[in-house]
Structures are given as C-alpha cells and as structure tokens.
Amino acid sequence: MANGQDRVIVLVDMDCFFVQVEQRQNPHLRNKPCAVVQYTAWKGGGIVAVSYEARAFGVTRSMWADEAKKLCPDLLLVEVPESRGKADLTKGDAKTRLISMA
C-alpha cells in the first residue's frame, strides 16, 4: 500500500457464535453436534445457530429442528429464552436450556 499500512481482512462466523457461547457455558455440549433453536412449539423450533459438528451432517441455520434431527439424530438442541414472543439473546439473568439430549 502506498502509505505503508497493511490491510487486514477478518471473517467472523456469527452463524456459529451463539452455539459457541452455549458450548463455553455448558462443557457437555463441546465437540458434539448441537444447535440453538427458538420458537420450539412449531416443528421443534427454528434453528438460529449451528455447531461445526452439526454442519457436517447437513444441518443449517433457518432449518426446522425436526428436519435437522432427521439428518443428525444425535443433535443436541439448546432453546433460546423468549421475551414478549421474541428471542431474548441477552445473557444477563436469562438462561438457555438444553431441550434435547442424545
């Protein structure tokens, strides 16, 4: 570059971010296929984040949890708490809960 400054390009994988937060808080989830879901009353819930281990089975964000479990029967699901009918992703006192165990 003309002014001597190097340019840095960074890729932040936010699709996996919420799963990694859950894996950090719950060591049982580490190195296992898992996903974060919301609105669990409809088709098992909508997936909002997917671990790399679950991606290997074809599980993707925006998939219904019921569909994902067909692709990956050992998938662990963590539910996002809701506030006023919307996902509450603040961590404060709100806790996610593991809703599916293999």
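Details of the structure are given in the entry above.
Residues numbered from 1 in each chain as written. Predicted model: local features only at pLDDT ≥ 70, side-chain atom pairs only at ≥ 80, totals over all residues. Heavy atoms only, no water.

1. A look at the overall build of the protein chain
Stated precisely, the cut-off is as follows: Secondary structure counts use DSSP, requiring at least four H or I residues in a row for a helix and at least two E residues in a row for a strand, with both numbered from the N terminus. Buried, partly exposed and exposed residues are distinguished by accessible area as a fraction of the type maximum, computed with a 1.4 Å probe on protein chains only: under 20%, between the cut-offs, and over 50%, respectively. By definition, residues are in contact when any of their heavy atoms lie within 4.5 Å.
If you tally the helices and strands in the protein chain, you get three helices and six strands. Listed by position from the N terminus, the elements making up the protein chain come as α-β-β-α-α-β-β-β-β. Counting over 102 residues, the protein chain shows a buried share of 31%. Nonlocal contacts in the protein chain, meaning residues at least 24 apart in sequence, comprise 40% of its contacts between residues at least 6 apart.

2. Points about unusual backbone geometry
What you tend to see is this: most non-glycine residues have negative phi, and most peptide bonds are trans. Despite not being glycine, Asn31 has its phi angle at roughly 60°, a positive value. Inspection of the secondary structure assignment puts Asn31 in the loop between helix H1 (17–25) and strand S1 (34–38). Here the phi dihedral of Ser62 falls at roughly 80°; this positive angle occurs in a residue that is not glycine. Here Ser62 shows up in the loop between helix H2 (52–55) and helix H3 (65–71). For Ser62, a relative accessible area of 57% gives the class exposed.

3. Some remarks on the packing of aromatic side chains
Test applied: Classification of ring pairs uses Phe, Tyr and Trp, with its six-membered ring standing for Trp, and accepts pairs whose centres are within 6.5 Å; under 30 degrees between planes counts as stacked, over 60 as edge-to-face, and the remaining range as tilted.
All told, the structure shown has one aromatic pair when counted by the stated rule. Seen in terms of ring centroids, Phe17 and Phe18 are 5.4 Å apart; in terms of plane orientation they differ by 70°. Their pairing is edge-to-face. Its relative accessible area of 36% is what places Phe17 among the partly exposed residues.

4. A closer look at the pairing of S1
The condition that has to hold: Strand pairing is defined by DSSP finding a minimum of two bridges between the two strands.
In terms of burial, S1 is a largely internal element, five of the five residues being buried. Two elements, S1 and strand S3 (residues 76–79), share four bridges in a ladder whose sense is parallel. When the sheet's bridge partners are listed, Val36 is paired in S3 with Val78. Two strands pair when backbone bridges link them, and S1 and strand S2 (residues 46–50) are joined in this way by four bridges, in the antiparallel orientation. Pairing of Gln38 across the sheet is with Gly46, part of S2.

5. Overview of the environment of Ala49
Among the structural elements, Ala49 can be located in strand S2. Accessibility expressed as a relative area gives 0% for Ala49, which makes it buried. Sequence separation of Ala49 and Val36 is 13 residues, and the distance between their C-alpha atoms is 5.2 Å.

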